[in-house]
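Per-entry structural report
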Amino acid sequence: MKVFNNIAFAAAEIMLPNKDIDLSKWATIACDQYTSEIDYWNDVKNNVGDCASALKLILPEVYLGIESSEQQENRLKDIASEAATYLANGTWNTLPEGAILIDRATSLHPSRKGLVAAIDLEQYSFEPGNKERIRATEGTVLSRIPPRVKIRANLPVELPHVMLLIDDPDMTVIEKAWNTVEANNETPVYDTDLFGKSGHIKGYFVDAKSSVFETIVDSLAKLADASEDGMLFAVGDGNHSLASAKAHWDKVKENLSEEERKSHVARFALVEIVNIHDAGLDFEPIHRVAFGIDKATLLSKAAEYFKNNEASVDDKAIDGAQNIIIVSEGEADVVLNIKKAPHTLAVGSIQMFLDTLEGVEVDYIHGEDSVRNLTKGNNTGIILPPVTKNSFFTTIAKEGVFPRKTFSMGEAFEKRFYLEAKMIK
C-alpha cells in the first residue's frame, strides 16, 4: 500500500461490485440514518429481495433498540456469512491502488463532489483537544462503538460511510482533480440511481500511478502545511464508525510487529473526503425528539432549568437569543428563547437540559419532516438552528469537539451510501 505519512493518506485497493450486480439495489444508506423509522428499512429490504446488497453487510441502528441481544448476534452471524459468500463467489472486483472521485446528485443539489480514499487511523483521535491530522468534530458516545467493533472483528472487509471534511476554499484538491478527469472523458467505474429519493451517484477511478493522483497528494500536503495547528481532516459524518475502526485497529496492532503495523490493511480506513466549501454541501442541524413527554411538561421543566438564563416561550424567535423551536402534533409551534445561554451553541444548551430529564428517551433526528412525523402522542420535537460552516475548522482548532449530535451534512436522504469496500484482514 502506498502511504503518505505527512498527510495521513494512502492509496487503497478499493473493491466494487462486479458488472452483474444491480448497483441500485447494492448501494445502501448509512446505518445510522432513519433510526426511528423502521418502515424505511423495511422498504429497503423489500426492494433488495434476494439480490446481492450492502444491506446484508451492515447492522442498521434502527434494530438496536427493538431487537434482543440474541437477535442482534444472529444478525452479526448473517453479516459474516454473507460477506464470506460474496468473497467466494466473485461478487467484488478489486481495483489497483488508488482512489475514486465521485459526484452525488440529489433533488436539493445537482452536484456534490467527493474523493473515496484511505486515511491513517494512527493519525486520528476523537479525544477533545488533540492535535492529530484527523479529528472528531463532536462528542463520541462510547456505548455506540461496541456493536460496530463486533461487525469489524467478524468481517474481512469494511464498507465506508464516513465523510471527512477538508478546508479548501480555492478548490485545489477534489474539484481540480474532477475537472481533469472530466476533461479526459474517462469512463466511470459506477453510475447508478440510489434508493428512494436519494438521487444519483457517479464515480471515476484515479490510479495511484497517475498524475491526477499525484496532484491530489500534493494539494493535500499544501493544505496541511497551511493549517495553523496541523489539522487536515475533520469528521463530517460517521464519527462513531471511524472511532470503531480506530478501536478495532488498536486491538489488531497489539499482536503485530512494528514493521507489520506500518502497512497492515486494518490501519487504513476507507472514507469519502469532501470540501467543506462545496456548493452541494449544506450543514443541517441534528434535531431531537423527546419520547414520552408532552410539550407542556417539557416546557415547564425547561422553564425551571433555564430560570437563571432569561429564557421565555414565545410565538416567534427573539433576536440576540438562542432560538429553539418546540413542536408537537396538533399544536402550534412555539420558540424557546434563551438570552443568557449556558452554552455558546443552542444545541449545547438544550442538550444540557435534556440530559437532566430522567426516564425520557431522546433520539437524534435528521430532517425537520422526520421530527414532525415522530411527534405523536406524548412525544415532543425540538428543532434546532443550523451551524455555520465558514468558521467550522477554526472552531474545532480552538475549542475542540462540538456537543454530540450538533450538525449533519445535508438531509437524511442525502447521506452517504455504502457502495465501495476494502479488505481489513
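Keep in mind the model is a prediction, meaning the values are calculated, not measured. Within each chain, residues carry numbers counting from 1 in the order of the written sequence. Reporting in this predicted model follows two pLDDT cut-offs: at least 70 for local features of residues, and 80 or more for side-chain atom pairs to be given and counted; totals over whole chains, interfaces and linings ignore these cut-offs and use all residues. The side-chain quantities take in all heavy atoms of the structure and omit both hydrogens and water.

What follows covers the overall build of the protein. A run of DSSP states H or I qualifies as a helix once it reaches four residues; a run of E qualifies as a strand once it reaches two. Both are numbered from the N-terminal end. Looking only at helices and strands, the protein features 12 helices and 22 strands. Between the two quantities, the radius of gyration covers C-alpha atoms and the globule rule is 2.2 Å times the number of residues to the power 0.38. For 425 residues, the compact-globule estimate of 2.2 N^0.38 gives 22 Å, and the C-alpha radius of gyration of the protein, at 22 Å, lies within 12% of that figure. Among the 425 residues that make up the protein, the fraction classed as buried is 55%. Contacts in the protein between residues at least 24 apart in sequence constitute 78% of all its contacts with a sequence separation of at least 6. Working definition of accessibility: Shrake-Rupley area with a 1.4 Å probe, residue cover restricted to the visible protein chains. Only carbon and sulfur atoms are counted for the fraction: they give 47% of the accessible area of the protein, which is about 18200 Å². Positive charges come from Lys and Arg, negative ones from Asp and Glu, while His and the chain ends are left out of the count. Taken as the charge location is NZ of Lys, CZ of Arg, CG of Asp or CD of Glu. Of the side chains in the protein, 45 bear a positive and 65 a negative charge, and the two mean positions are spaced by 3 Å. Summary of the burial criterion: residues with accessible area below 20% of their type's maximum are buried, those above 50% are exposed, and those between are partly exposed, where the area comes from a 1.4 Å probe applied to protein chains only. Only heavy atoms enter the contact rule, under which two residues are in contact if any of them lie within 4.5 Å.

For the rest of this paragraph, the subject is the environment of E122. Checked against the element boundaries, E122 lands in the loop between β5 (112-120) and β6 (124-125). With 12 residues separating them along the chain, E122 and I134 place their C-alpha atoms 9.2 Å apart. Counted as a polar contact is a pair of N or O atoms within 3.5 Å, where, for protein atoms, one must be capable of donating a hydrogen and the other of accepting one, and residues adjacent in sequence contribute only when both atoms are in side chains. Here the side chain of E122 touches W249 through a polar contact of 2.7 Å, side chain to side chain.

The subject of this paragraph is the side chain of R104. You can see R104 is positioned in strand β4 (residues 92-105). Within the local environment of R104, its side chain forms a polar contact with the backbone oxygen of S198, the two atoms lying 3.0 Å apart. One polar contact links the side chain of R104 to the main-chain carbonyl oxygen of K415, over a distance of 2.8 Å.

Our next topic: the environment of E73. The topology assignment puts E73 in helix α3 (residues 69-88). Spatially, the C-alpha atoms of E73 and L357 are 31 Å apart, while their sequence positions differ by 284 residues.

With that settled, the discussion passes to the packing of aromatic side chains. Geometry of an aromatic ring pair is reported as the spacing of the ring centres plus the angle between the planes. Each Phe, Tyr or Trp ring, with Trp reduced to its six-membered ring, pairs with another whose centre is within 6.5 Å; inter-plane angles below 30 degrees give stacked pairs, above 60 give edge-to-face pairs, and intermediate values give tilted ones. The final tally for this structure, using the stated rule, is 20 aromatic pairs. Geometrically, the ring pair formed by Y86 and W92 is edge-to-face, given 5.8 Å between the ring centres and 85° between the ring planes. Here Y86 matches W92 in class, with each residue buried. Aromatic pair Y305 and F353: ring centres 5.7 Å apart, planes at 50°, arrangement tilted. Here Y305, found in helix α9 (residues 295-305), pairs with F353, found in helix α10 (residues 346-354); they are 48 residues apart in sequence, far enough to count as distant. The exposure class of Y305 is partly exposed, given its relative accessible area of 30%. Put simply, the rings of F283, F392, F393, F402 and F407 pair up and form one aromatic cluster.

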